[in-house]
Amino acid sequence: MSTAEKRAHLDVSGLTKRFGGLVAVKDMALAVGAGKILGLIGPNGSGKSTVMKLIMGIERPDAGSVRINGIEVAGWPSHRIARMGAGIVFQHSRPLHRQTVLENITLALLPDKLMQPFADPQTDARARAIAARVGLSDVLDRRPATLPFADLRKIEIAKAIARDPQVLLIDEPFAGLTVKETAAFSELICELRDDGRAVLLVDHNVKSVARMVDRVIAMYVGERIAEGSADEVMRDETVRRVYLGGSLETAARPESSFRDAATPFLAVDNVSVHYGKAQALDNVSIHIHAGEFVSVVGLNGAGKTTLFNTISGLLPYSGEIRREGAPLRGHSAAAIARGGIVQCSEGRDLFVYMSVRENLDLGGQHLPRAAHAEQIAWLFDLFPVLRDRQKQAAGTLSGGEQQMLTIARALMMKPKLLMLDEPTLGLAPVILEQISKALERLRQTTAITVLLAEQNVTFALPHADRVYVLEHARIVWEGEPAKFAAEMGTGYL
Amino acid sequence: MRSFATARILLVGLGVIVLASFLPLWVTGYILGLLTLAYYFGVFAMAWDLLFGFAGEVNFGPTFLIGVGAYTAGILDNLYQPPIALCIAAGALAAVTAGVVLALPALRLHGPYFGLTTLVAVLILQNFVVVDAHLTGGEIGLTVPDVISISDAINYLIALWFMAVSGAILFWLSRSPVGLILQASGQDAVQAGALGFNVTKHKLAAFIISAFFSGLAGALLVFYLGSASVGTLVDITVSVQIIIAAVIGGRRTILGGVLGAVFLIAMSEALRPLGDLSNFVVFAMALVVVLLFPSGFFGLLTRTREQA
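All chains use their own residue numbering, which begins from 1 and follows the written sequence. Written order determines the labels here, with chains lettered from A and ligands numbered from 1. pLDDT decides what is reported in this predicted model: residues at 70 or higher carry local features, side-chain atom pairs at 80 or more are listed and counted, and totals for whole chains, interfaces and linings draw on all residues regardless.

K.L.:
Just checking my understanding: could you explain the overall build of chain A for this structure?
P.N.:
Counting its secondary structure elements, chain A contains 18 helices and 20 strands. Each radius of gyration reported is based on C-alpha atoms, and the globular scaling rule is 2.2 Å times the count of residues to the power 0.38. Relative to the 2.2 N^0.38 estimate, which gives 23 Å for 493 residues, the radius of gyration of chain A is 24 Å and therefore close to what a compact globule would have. Here chain A, with 493 residues, has 46% of them falling under the buried criterion. In chain A, once contacts between residues fewer than 6 apart in sequence are set aside, the share between residues at least 24 apart is 70%. Counting from the N terminus, the helices are the DSSP runs of H or I reaching at least four residues and the strands are the DSSP runs of E reaching at least two. The burial label depends on the number of other C-beta atoms within 10 Å of a residue's C-beta. Counts of 20 or more mean buried, 12 or fewer mean exposed, and intermediate counts mean partly exposed, with C-beta atoms placed from the backbone. Two residues form a contact once the distance between their C-beta atoms, set from the backbone, is within 7 Å.

This is the structure we're talking about:
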């Protein structure tokens, strides 16, 4: 295994990327040298993964400079950037499924040449050496589909090592791993640093990477908000506000004030869900009373979306989900949605080429004409901006407006239970406030029941009557929002 | 281990080809004729599988490449009567050129749009053939003055060994490092790019190789049949048959295409007494194979052997 040269260096400045009207990355700057680890942290949608893709050439930057070992590579296709000495470990495992582990690693060792009748005889030995280094020696001849989740992640690391990159980008290395596996992975990443590589480590929280990183940059909605040592960033006022919010004013209603205390509107009992090898939900039990506003707080990969998809009838599960006492199992996803349990997915799923009005009309197409008109009028009151944008194509709205439209379209279905999956994803604070106000009005003026999934604690707590914390597929805390900061706060920095 | 399996499959294949070489001693000229046709179709299917199974691009118009090769060779022979070998080489070259002209812009598109482009290419060729009747013979078809041989046995052996050599080259290519890179490019272009592979370059190379074998086989077929027509070489139905042959033979196996082609032609012959119903039955059977055994005949064969 050759070691990267000492001059490995990544310099980024003025990096900017727009997607339509949304500025995903704005004037970003960072630098990391040989034998150092730079942590890039930020909540979901803050643009950190985009930064990584821009560096790697998977997305083209609109402006700015990316220099690898002093050579300007901004705007190059990714295979050329890879050859300049950059490598990436993707967040999601992407093995070739018909090939063995050994072949997957071999692939990464091949040169980009068309005339290769036979593999270089040394390739096999090198692939085996790399497999040994990451701990895959025992499973060389197995297919990826038969391997546990952590081994799949190891294949990704092995592929990155195989290219012997001097600049290594690692996207959320610990998502979905157990505590023990996380420790082993951290050690591996530190070894790679000790080889003299420059490592950029992207994650959600300072805490998970604090022990490994030399410096940390915190991002929020595309911009850099803080830089320093892990401790400094954790103490930073802006970072604390972004992750935890300011002083909390909650208007939580006590659980005893809901009349259906005995059989809550929705009860999820000991539900477990597996994605192949990975356990996405582990004996999760929650309940929501009619009219209640419940928040599920959890980091990326904790299982929030899985929980919602399970309730919506999209995933097989063990355990029981009851609506007003009657099991939901056996009902199709369409039947569950028609019955009034409506999910607003994280991806927004708008019909981007249709107008705002057409999107809303589709949501309410089952309503009689009069009720339809009445519902639309009420929604335009709730989100005045949508009234002005009626004729505009949904895809041309800003991120915040799209989110309002998504919620409004769900409300057109007159849901009994509205499930909102990370509505704040990638939104600027000012937009957050507008959505926040709309939710507050919803809560005070209607009898609607809301289940909100968020990693943005600032947004999740103020409206909530009750909060659940989901961590590594398990519910680890339940309580009033006022007690959250004191009992759970530090985990969310 | 992998190279051992590759060698074994090639050995078994060679054995089958040698055995099949003695078939002219046993069966009638009619059956030889059918098999000759099946072998050329086998090459079409194998060339198609390199694109679909490995590069991950669905070429809905394999007959575009075949047709360009066949008609170029046929028209050249009609106009100037050069040696047949020259006509065939020109056909293969024309198919490669046409393939590059089509693939360069088409590979910039993603997903179904690539497939649509290839589909439209077939329609354009078909219209060209019909409209430019003085050159191409139009809807009646093009008759060439020369054939390679009038002996059923010789035509059969040429087709058999042409298929064997094409199959060996394509199969070995698919198992070589380039085949691995091609699969990676087909399955996850972003990741392949991040690993330093020029995805477009590899896909274009696959398209050129596919075009070469398609055009070569198309040109040979013209000098076997003594004619070229839209109905036998260019029509969309022919494209669909080639695709079905490759898929029921076994995706990503290359050699499966031959099994699929022989199966399709053997079945439509065996079911000829059913009249118009025969095609219906053949396609229904193909559908059943695709639904029940997505890995195709070849996948079925190799799996049983692995279990044994």
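K.L.:
It is not clear to me how the overall build of chain B should be interpreted in this structure. Could you clarify?
P.N.:
A count of helices and strands for chain B gives 15 helices and two strands. On C-alpha atoms alone, chain B measures out to a radius of gyration of 19 Å, which is about the 19 Å that the 2.2 N^0.38 rule sets for 308 residues. Taken along its principal axes, the extent of the C-alpha atoms in chain B is 50 × 45 × 40 Å. When each of the 308 residues of chain B is scored for burial, the buried share is 51%. At a minimum sequence separation of 6, the contacts of chain B that also span at least 24 residues come to 76%.

K.L.:
Before we go on, may I ask you to explain the sheet that holds strand β5 (residues 71-72) of chain A in this structure?
P.N.:
What holds strands together in a sheet is hydrogen bonding between their backbones, with the strands either parallel or antiparallel. Residue and element names in this part refer to chain A. Spatially, four strands are ordered β2-β1-β4-β5 in an open sheet, and the strand pairing comes out antiparallel. Among the strands making up the open sheet, the edge pair consists of β2 (22-33) and β5. Two strands qualify as a pair provided DSSP detects at least 2 bridges between them. Sheet analysis places strand β1 (residues 9-19) next to β2, joined by eight bridges and oriented antiparallel. Residue R18 lies in a different strand from β2, and its bridge partner there is V23.

K.L.:
Hey, could you run me through unusual backbone geometry in this one?
P.N.:
With glycine set apart, most residues show a phi of negative sign, and most peptide bonds adopt trans. At A:A473, a residue that is not glycine, the phi angle is positive and equals roughly 75°. Tracing the chain through its elements places A:A473 in the loop between β19 (466-471) and β20 (474-479). Looking at A:A473, the number of C-beta atoms within 10 Å reads 22, which means it is buried. Phi is positive for B:R252, which is not a glycine, with a value near 65°. Tracing the chain through its elements places B:R252 in the loop between α12 (236-249) and α13 (256-270).

K.L.:
What should I look at first to understand the sheet that holds strand β14 (residues 318-323) of chain A in this one?
P.N.:
All names here are of chain A. With antiparallel pairing, the four strands of this open sheet are ordered in space as β12-β11-β14-β15. In this open sheet, the two strands that pair with only one neighbour each are β12 (278-288) and β15 (326-327). Pairing between β14 and β15: two bridges, direction antiparallel. The residue bridging R322 from the neighbouring strand is P327, located in β15. Think of each axis as a best-fit line through the C-alpha atoms, taken over the contacting stretch in the case of a helix, with angles from 0 to 180 degrees between the N-to-C directions. The strands touched by helix α10 (residues 304-311) are β11 (266-275), β12 and β14; relative to β12, the strand with the most contacts, the crossing angle is about 65°.

K.L.:
Before we go on, may I ask you to explain the interface of chain A and chain B in this structure?
P.N.:
A common way to state how big an interface is: give the accessible area lost once the parts meet. Listed per partner, the contact involves 25 residues of chain A and 20 residues of chain B. Elements with a contribution of two residues or more to the side of chain A that touches chain B: α2 (78-83) and α3 (101-109) of chain A. Looking at which element gives the most residues to the side of chain A that touches chain B, the answer is α2(A), with four residues. Basically, the charged four are Asp, Glu, Lys and Arg, the nonpolar ten are Ala, Val, Leu, Ile, Met, Phe, Trp, Tyr, Cys and Pro, and anything else, Gly included, counts as polar. Broken down by class, the residue content of the side of chain A that touches chain B amounts to 14 nonpolar, three polar and eight charged.

K.L.:
What should I look at first to understand the packing of α3(A) against helix α5 (residues 149-162) of chain A in this one?
P.N.:
For any two helices packed against each other, one specifies the inter-axial angle together with the distance between the axes. Residue and element names in this part refer to chain A. Look at α3 against α5: their axes get within 8 Å of each other, and the N-to-C directions meet at 30°. One finds that α3 runs roughly parallel with respect to α5. Crossing hand, α3 versus α5: right-handed. Facing α3, whose interface residues are V101, N104, I105, A108 and L109, α5 presents I155, A158, K159 and A162. Looking at the contact of α3 with α5 residue by residue, the class counts come to seven nonpolar, one polar and one charged. Roughly parallel here means an angle under 35 degrees, roughly antiparallel means over 145, roughly perpendicular means 65 to 115, and every remaining angle is called oblique. For a crossing to be left-handed, the near helix must be turned anticlockwise from the far one by less than a right angle; the clockwise case is right-handed.

K.L.:
Would you mind going over the pairing of strand β10 (residues 223-228) of chain A with me for this structure?
P.N.:
Looking along a regular strand, one sees the side chains alternate between the two faces of the sheet. Residues and elements named next belong to chain A. When strand β9 (residues 215-220) meets β10, the two strands line up antiparallel, connected through five bridges. Bridged to V216 within β10 is G228. Between β9 and β10, which follow one another and run antiparallel, lie two residues, and V221 among them has a positive phi close to 35°.

K.L.:
Just checking my understanding: could you explain the domain arrangement of chain A for this structure?
P.N.:
What marks off one domain from the next here is an automatic or database domain assignment. As far as domains go, chain A holds domain 1 (9-244) and domain 2 (255-492). Using only C-alpha atoms to locate each centre, domain 1 of chain A and domain 2 of chain A end up separated by 32 Å.

K.L.:
Explanation requested: the environment of A:T449 in the structure shown.
P.N.:
Residue and element names in this part refer to chain A. Locating T449 in the fold gives a position in strand β18 (residues 449-454). A residue is classified by how many C-beta atoms lie within 10 Å of it, and T449, with 24 of them, is buried. A sequence separation of 34 residues divides T449 from P415, and the C-alpha atoms of the two residues are 8.4 Å apart. Excluding its chain neighbours within four sequence positions, the residues that come into contact with T449 are F265, I288, A290, G291, E292, K416 and L417.

K.L.:
Looking at this structure, I do not really get helix α1 (residues 48-56) of chain A. What am I missing?
P.N.:
Residue and element names in this part refer to chain A. Counting buried positions along α1 yields nine of nine residues, so the element is predominantly enclosed. Among the residues of α1, those classed as buried are K48, S49, T50, V51, M52, K53, L54, I55 and M56. Positive phi appears at G57, one or two residues downstream of α1, with a value of about 85°.

K.L.:
Would you mind showing me how to read the environment of A:A485 here?
P.N.:
Residue and element names in this part refer to chain A. With respect to the secondary-structure elements, A485 resides in helix α18 (residues 481-488). Looking at A485, the number of C-beta atoms within 10 Å reads 16, which means it is partly exposed. The spacing of A485 and L461 is 24 residues in sequence and 9.6 Å in space, taken between C-alpha atoms.

K.L.:
Any chance you could explain the confidence of the model for chain A here in plain terms?
P.N.:
Detailed reading of the predicted model is not advised wherever pLDDT is low. A score from 0 to 100, pLDDT tells how confident the predictor is in each residue. In the predicted model, chain A carries a mean pLDDT of 86, and the fraction of residues at 70 or more is 94%. Segment residues 1-5 of chain A is flagged for pLDDT under 50; beyond a separation of four residues in sequence, or across chains, it makes eleven contacts in the model.

K.L.:
Teacher, can you tell me more about α5(A) here?
P.N.:
One turn of an α-helix holds 3.6 residues; hence residues three or four places apart share an orientation. Residue and element names in this part refer to chain A. With 14 residues, α5 should cover 20 Å at 1.5 Å per step; its first-to-last C-alpha distance of 20 Å lies within 8% of that length. Of all 14 residues that make up α5, twelve are buried, and the element is covered over most of its length. Every buried residue of α5 is accounted for by D151, L152, R153, K154, I155, E156, I157, A158, K159, A160, I161 and A162. The secondary structure elements touched by the buried residues of α5 are β6 (86-89), α3, α4 (121-134), β7 (167-171) and α6 (179-194). One or two steps after α5, the chain reaches D164, where phi turns positive at roughly 50°. By definition here, a helix of n residues has an expected span of 1.5 Å times n minus one.

K.L.:
Would you mind going over the confidence of the model for chain B with me for this structure?
P.N.:
Residues with a pLDDT of 70 or more make up 97% of chain B, whose mean pLDDT is 89. For this predicted complex, the interface confidence score (ipTM) comes to 0.81, while the overall pTM stands at 0.76.

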